[in-house]
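Structural characterization, general
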Amino acid sequence: AGRSRTAVLRSPAPAPLPLMLLQAQRSLRRVACARPRPALASSSSEAGAAVSLVVYHAVAARTLDGVLEVLETLGDKAPAAGIDVECAADVLNLEVGEASFVLNKQAPNLQLWLSSPVRGPLRYDFDAGSARWLNNRDAHPLLPTLADDIQSLCGEAVDFGAVEEDVSQLYLEQLSKP
């Protein structure tokens, strides 16, 4: 007649050891990537304070626009320098003779990235204490570095001082907004 069947619940077989180790490694990588970076050194009490995404976009755009304007003016005044510059979609491309620079926004990291034929790839964070873009490894400032690299290739002096002042002023204005 009727036989009752008893369901036997079995736990799934444990994952093979290599798969378990792979999963543990992935988990550790996620934790390592989530660690905060050390703050940039500055004399201000705001040193290392992260800027908001709105402030980042404002100061990054002003920086790219200012650099573009200075370099277009330099290209017009010194055509022999071989400067060709354009900016589109938050990427500034600069040709100095045969050498190429790229300066672009990296919004996910709140950074500006510079690819220089003189120094290679560099990343910059906006430092709230100094209101400047500082390298995330050794804290050297972006705009004087870019100016030095351009001058080393074309022989023309480049001055981004007005851009730095403008960006600093914009940052202070952004702080005063509610």
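Our subject in this report is the structure included herewith. (Residues numbered from 1 in each chain as written. Predicted model: local features only at pLDDT ≥ 70, side-chain atom pairs only at ≥ 80, totals over all residues. Heavy atoms only, no water.)

**What to know about the packing of aromatic side chains**
The following threshold applies: Stacked, tilted and edge-to-face are the three classes assigned to paired rings of Phe, Tyr and Trp, where Trp is represented by its six-membered ring and a pair needs centres within 6.5 Å; plane angles under 30 degrees give stacked, over 60 edge-to-face, the rest tilted. Only protein chains enter the calculation, and the probe is 1.4 Å; a residue is then buried if its accessible area is under 20% of its type maximum, exposed if over 50%, and partly exposed in between.
One pass over the full model with this rule turns up three aromatic pairs. Ring centres 5.2 Å apart and planes at 70° place the aromatic pair F126 and W133 in the edge-to-face group. Across the pair, W133 and F126 agree in class, each one buried. Among the aromatic side chains, those forming a connected cluster through ring pairs are Y56, F126, W133 and Y171.

**Let's talk about helix α2 (residues 53–77)**
Spelled out, the test is: Helix and strand assignments come from DSSP, with helices taken as H or I runs of at least 4 residues and strands as E runs of at least 2, each series counted from the N terminus. The span expected for a helix works out to 1.5 Å for each residue beyond the first.
For α2, which comprises 25 residues, the first-to-last C-alpha distance of 36 Å matches the rise-based estimate of 36 Å (1.5 Å per residue) to within 8%. Residues of α2 that are buried include every one of V55, Y56, V59, A60, T63, L64, G66, V67, L68, L71, L74 and G75, and no others.

**Structural notes on the pattern of salt bridges**
The condition that has to hold: Only one rule defines a salt bridge in this text: a Lys or Arg side-chain nitrogen within 4 Å of an Asp or Glu carboxyl oxygen.
Taken as a whole and judged by the stated rule, the model has four salt bridges. In this structure, the salt-bridge partner of D166 is R62, at a minimum N-O distance of 3.1 Å. Within this pair, whereas D166 is found in helix α4 (residues 161–176), its partner R62 is found in helix α2, the two being separated by 104 residues in sequence.

**A look at the side chain of H140**
Which entries qualify depends on this criterion: For this analysis, a polar contact is any N or O atom pair within 3.5 Å, provided that within protein one partner can donate a hydrogen and the other can accept it, and provided that sequence-adjacent residues contribute only side-chain to side-chain pairs.
Here H140 lies in the loop between β6 (132–135) and α3 (142–154). Of the polar contacts made by the side chain of H140, one reaches the side chain of D138; its length is 2.5 Å.

**Some thoughts on the environment of V167**
The line we're drawing: Throughout, a residue-residue contact means that at least one pair of heavy atoms, one from each residue, lies within 4.5 Å.
Tracing the backbone through its elements, the reader meets V167 in helix α4. When its relative accessible area of 3% is taken as the criterion, V167 is described as buried. Sequence-wise, V167 and A60 are 107 residues apart; in three dimensions their C-alpha atoms are separated by 8.4 Å. Every residue in contact with V167, bar those within four places of it in the chain, is listed here: V59, R62, T63, F126 and W133.

**Overview of the environment of R119**
Along the chain, the position of R119 falls in the loop between β4 (111–116) and β5 (120–127). Overall, the relative accessible area of 42% leaves R119 in the partly exposed class. Once the C-alpha coordinates of R119 and D149 are considered, the two residues, 30 residues apart in sequence, prove to be 7.8 Å apart. Those residues within four positions of R119 in sequence are excluded, and the remaining contacts are T145, D148 and D149. Here the side chain of R119 touches D149 through a polar contact of 2.6 Å, side chain to side chain.

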